[in-house]
Amino acid sequence: MAGNREIIHNGTMMLSYPAQMNVYFCIRLKKGDASDVSESVMEVLEEMGWLRGGTIGQN
């Protein structure tokens, strides 16, 4: 979820692109929203092709 603070316990990274991994459990420490994500992180995600037009949480 966008902006949440979470602890994730995962296994080994899979040899795929984009990189993927199995998640064994995830604990949400704090609920957040898209406004909690810094502008610099949004820019990097857009450069990497993970976002279109700088939006989080929309298909």
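Quick note: structure is the one above.
Residues numbered from 1 in each chain as written. Predicted model: local features only at pLDDT ≥ 70, side-chain atom pairs only at ≥ 80, totals over all residues. Heavy atoms only, no water.

A. View of a nonpolar patch on the surface. A cluster of nonpolar side chains, contributed by I7, Y24, F25, I27 and L29, occupies part of the molecular surface with about 520 Å² of accessible area. It is strand β2 (residues 20–30) that contributes the most residues to the nonpolar patch, four residues altogether. You can see Y24 is positioned in strand β2. Looking at Y24, the relative accessible area reads 54%, which means it is exposed. (Patch = residues over 30% accessible without salt bridge, like charges linked within 9 Å, V, L, I, M, F, W, Y side chains within 5 Å. Areas by Shrake-Rupley, 256 points an atom, 1.4 Å probe, with all protein chains shown as cover. Salt bridge = Lys/Arg side-chain N within 4 Å of Asp/Glu carboxyl O. Helix = DSSP H or I, 4+ residues; strand = E, 2+ residues; numbered from the N terminus. Buried < 20%, exposed > 50% of the residue type's maximum accessible area, 1.4 Å probe, protein only.)

B. Up close: a negative patch on the surface. Together, E39, E43, E46 and E47 make up a region of like negative charge exposed at the surface. The residue E46 is located in helix α1 (residues 39–47) in this model. The class for E46 is partly exposed, based on a relative accessible area of 37%. (Lys, Arg positive; Asp, Glu negative; His and termini not counted. Charge placed at Lys NZ, Arg CZ, Asp CG, Glu CD.)

C. Quick peek at the environment of W50. The residue W50 is located in the segment after α1 in this model. Put simply, W50 and P18 are 32 residues apart on the chain and 9.8 Å apart in space, counted from C-alpha to C-alpha. Once you skip the residues sitting within four places of it in the chain, W50 turns out to touch P18 and L45. (Contact = heavy atoms within 4.5 Å.)

What is shown is where atoms sit, not what they do.
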